[in-house]
Amino acid sequence: MSGIPSPTVLPKPYNEAWREAYRYDKDDRPRLSTYQAPEGEPVPFVFESVRLSGGQSVDTAEYPFFGFWSNTPLNEKPQAITVHGFIRGETYIKNRNALAEALREKTGDDAPGFLDLPLWGRFPMVVVSYDIEEKGKENGQCSLAVTFTRAGVTTEERWNLEGGGFDFYRKTEAEAATLREEAVNSFDKALAGNTDTDALAGGFTRFKETLVGIIGRIQGAVSGLNAMTNAATGITNLIAQGVRAPRELAGALFSAAGSIVTGVMEIKNSAVDAAAYFSGLNGIKNTLLQFLSLDNYRLDTEAVTVKQMITKGAAENLFRTAGLYAAGQILVQLENPTYQQVKGYWELYEKLEASVDRSDPAMYRTLQDLRIAAARELSSRSLDAERSRRISASVPLLYLAHYLGCGDETLRRLNNPADSFVMEGEVRYV
């Protein structure tokens, strides 16, 4: 991740000469190994051994013809440090208990503990596990083993350093655009030398029909619906012109899916009255559900030859990816969804994502980034704090806000009441 300082840079040692690292001169007190909990005091222990472990995550692809494979590095694994040592001496019970309490303290990237080792330096750490062992035949001491993960970059810092800030909606848009680019590249690469042009044209013709069916369920101004329909029919226009290039047809498919996303949002935002506004909201939800239901999408065409099967499989995967591309953007634009609604949508989203081929490392990474961006946007709304209560009779909104301990503007935002002065029925509040 460019622009982000690596948390794996080793700390500066106290001295590169090991004797001086333990003490500056023979009259100086030895430097002790210590662990310090967040906002706590350092607790000393006798160092015995330390093990630093790491590596990298690698995607290894195997191919036919014995002896061929390819390795693609995906990321560096988090570094772990395991320390073994002792606590001994007349006051070891006091130090043992102090260290046990320090290790119990919650640690994280934003509030790490600190492991100080004379020959290594001072590490910000997150505690993973610890063991403190006493033996009856070794009175006056106990042994300890602690495993840490080196503190990394907090999620908020990573988003800021990547330029995303806290505008998670814009981040989702950017990741969706990246998914579109990677999906088109992956589709083009999958069909290089393996394209059956008839199967390709037939598949994209059916894609156009499915998108037109989705558009047909949307209620809105004729001009907006025509714009979406024109984008969908642009796919078959290319086919009619003799275009059989996978990249061009895939680009047209994603343009049509993006046009539907833009169109349903414009219908909702341009509503001139309450009826049209709520109709727009329902249109967004219905469109989202139709895209989310593409996880089992299959073309009803017969594939006999190898090229036909490859073309059909790649096209089906591309269409499911286009559905995910649209669903991710619509999901984060839902206005005032309930916690249960988002939970249900998210389960469908994960199911659709699981149906997309992720064997291409670039696609895998892009799908993951889109899911993270969408999840961050939804979690920023604190939907889990939402509550509901059934109000059997019409109650003045201001009185209800006072009774529930919730601001009247929040009630209006969460419930979209038809009457701004009174409310009844199922009321959502925080």
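Shown above is the structure to which this text applies.
What comes next concerns the included structure. It should be emphasised that the depicted structure is a prediction, and the values quoted were computed from it without experimental measurement.

Here we come to the sheet that holds strand 8 (residues 141-150). Here 6 strands make up a closed barrel; going around it, the order is 1-2-5-8-7-6 and the pairing antiparallel. Sheet twist, expressed as the mean angle between neighbouring strand axes with direction ignored, is 45 degrees.

Turning to the packing of aromatic side chains, a few remarks are in order. Pairs of aromatic rings are described using the distance from one ring centre to the other and the angle between the two planes. Evaluation of the coordinates by the stated rule reveals 10 aromatic pairs. With a centroid separation of 6.5 Å and 90 degrees between ring planes, the pair formed by Trp18 and Tyr22 is classed as edge-to-face. Here Trp18 and its partner Tyr22 are both found in helix 1 (residues 18-22), 4 residues apart, which amounts to about one turn of the helix. For the pair Trp346 and Tyr349, a centre-to-centre distance of 5.1 Å together with 15 degrees between the ring planes defines the contact as stacked. You can see Trp346 and its partner Tyr349 sitting in helix 10 (residues 339-354), 3 residues apart, about one turn around the helix. Relative accessible area serves as the criterion here: at 18%, Trp346 is assigned to the buried category. Here Tyr349 falls in the buried class, since its relative accessible area comes to 0%. Cation over ring: Arg88 sits above Phe86, and NZ or CZ is 4.8 Å from the ring centre.

A contiguous nonpolar surface patch, about 470 Å² in accessible area, is contributed by Leu10, Trp18, Leu52, Leu119 and Trp120. The class for Leu10 is partly exposed, based on a relative accessible area of 45%.

What counts and how
- Residues numbered from 1 in each chain as written.
- Predicted model: local features only at pLDDT ≥ 70, side-chain atom pairs only at ≥ 80, totals over all residues.
- Heavy atoms only, no water.
- Pairing = 2+ DSSP bridges.
- Helix = DSSP H or I, 4+ residues; strand = E, 2+ residues; numbered from the N terminus.
- Axes fitted to C-alpha atoms, helices over the stretch in contact; angles between N-to-C directions.
- Phe/Tyr/Trp six-rings, centres within 6.5 Å; stacked < 30°, edge-to-face > 60°.
- Buried < 20%, exposed > 50% of the residue type's maximum accessible area, 1.4 Å probe, protein only.
- Lys NZ or Arg CZ within 6 Å of the ring centre and 35° of its normal.
- Patch = residues over 30% accessible without salt bridge, like charges linked within 9 Å, V, L, I, M, F, W, Y side chains within 5 Å.
- Areas by Shrake-Rupley, 256 points an atom, 1.4 Å probe, with all protein chains shown as cover.
- Salt bridge = Lys/Arg side-chain N within 4 Å of Asp/Glu carboxyl O.

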